[in-house]
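So the chains spell out like this:
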Amino acid sequence: QVQLVESGGGLVQAGGSLKLSCAASGRTFSNYNMAWFRQAPGPGKEREFVAATSWSGRSTYYADSVKGRFTISTDNAKNTLHLQMNSLEPEDTAVYYCAGSPDGSSWSEGGYDSWGQGTQVTVSS
């Protein structure tokens, strides 16, 4: 059974940085696609895609809102997914979730069948 455990969230001032980590266990992830999603507080706020990567790191994708500020990466030796977040803005405040998709050929959100419990990121202005 796949387990994903996020860490690294917290409170940071606008313009600051945070690095999120997602420890993955339960199987071999070499054929997985991994991603970060987030859900901001408030009514009507839906979960949104942030970034995705193949486990090898050869393919990466970013939401336009974070492109140039966030970097997604994997550490194969530690079975860990990271999200380096720089130049943080109050609009980045959300619960961040990591997710895994066993279908390395698909980047559809529906293909992510393993999810972590989330880590809170709060950016103050």
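One can find the structure itself at the top, above this paragraph.
To start, this report covers the structure provided alongside it. (Residues numbered from 1 in each chain as written. Predicted model: local features only at pLDDT ≥ 70, side-chain atom pairs only at ≥ 80, totals over all residues. Heavy atoms only, no water.)

1. Describing the pattern of salt bridges
This model, assessed by the stated rule, comprises six salt bridges. Between Arg38 and Asp92 there is a salt bridge whose closest N-O contact spans 2.9 Å. With Arg38 in strand 4 (residues 33-39) and Asp92 in the loop between strand 8 (80-85) and strand 9 (94-101), this pair connects stretches of sequence that are 54 residues apart. The class of Asp92 is buried, set by a relative accessible area of 1%. Bridged by salt links that share partners, the residues Arg38, Glu48, Arg69, Glu89 and Asp92 form one connected network. (Salt bridge = Lys/Arg side-chain N within 4 Å of Asp/Glu carboxyl O. Helix = DSSP H or I, 4+ residues; strand = E, 2+ residues; numbered from the N terminus. Buried < 20%, exposed > 50% of the residue type's maximum accessible area, 1.4 Å probe, protein only.)

2. Quick look at the state of the cysteines
Following the criterion strictly, the structure yields one disulfide and no others. In this model Cys22 forms its disulfide with Cys98; the gap between the sulfur atoms is 2.0 Å. Across the S-S bond linking Cys22 and Cys98, the dihedral sits near 40°, which makes this disulfide right-handed. Here Cys22 is found in strand 3 (residues 18-25), whereas its partner Cys98 is found in strand 9, with 76 residues between them in sequence. (Disulfide = S-S within 2.5 Å.)

3. Structural notes on the environment of Ser17
Along the chain, Ser17 turns up in the loop between strand 2 (10-13) and strand 3. When neighbours within four sequence positions are excluded, Ser17 is seen to be in contact with Val12, Gln84, Met85, Asn86, Ser87 and Leu88. Here Asn86 takes part through its side chain, which lies 2.9 Å from a polar atom of the side chain of Ser17. (Contact = heavy atoms within 4.5 Å. Polar contact = N/O pair within 3.5 Å; in protein donor to acceptor, adjacent residues only side chain to side chain.)

4. Some words on the pairing of strand 9
Counting buried positions over the eight residues of strand 9 gives seven, a clear majority of the element. Pairing analysis gives seven bridges linking strand 4 to strand 9, with the strands arranged antiparallel. From the neighbouring strand, Gln39 faces strand 9, where its bridge partner is Val95. As judged from the three bridges shared by strand 9 and strand 11 (residues 119-124), these two strands associate in the antiparallel manner. By the bridge assignment for strand 11, Tyr96 is matched with Thr119. (Pairing = 2+ DSSP bridges.)

5. Section: the pairing of strand 11
The alternating pattern of strand 11 places Thr119, Val121 and Val123 on a buried face and Gln120, Thr122 and Ser124 on a face that is not buried. Here strand 2 pairs with strand 11 via four bridges, running parallel. Following the sheet pairing, Val12 is matched in strand 11 by Val123.

6. With respect to the sheet that holds strand 1 (residues 3-7)
Spatially, the four strands line up as an open sheet ordered 1-3-8-7, and their pairing is antiparallel. A single partner strand is all that each edge strand has here, and the edge strands are strand 1 and strand 7 (70-75). Strand-to-strand twist of the sheet, defined as the mean angle between neighbouring strand axes without regard to direction, takes the value 15°. Sheet topology places strand 1 next to strand 3; five bridges connect them, and they run antiparallel. Bridged to Gln3 within strand 3 is Ser25. (Axes fitted to C-alpha atoms, helices over the stretch in contact; angles between N-to-C directions.)

7. Brief notes about unusual backbone geometry
The phi dihedral of Asn79 is positive, around 50°, even though this residue is not glycine. Among the secondary structure elements, Asn79 is positioned in the loop between strand 7 and strand 8. A relative accessible area of 26% means that Asn79 is categorised as partly exposed.

Structural measurements only, silent on function.
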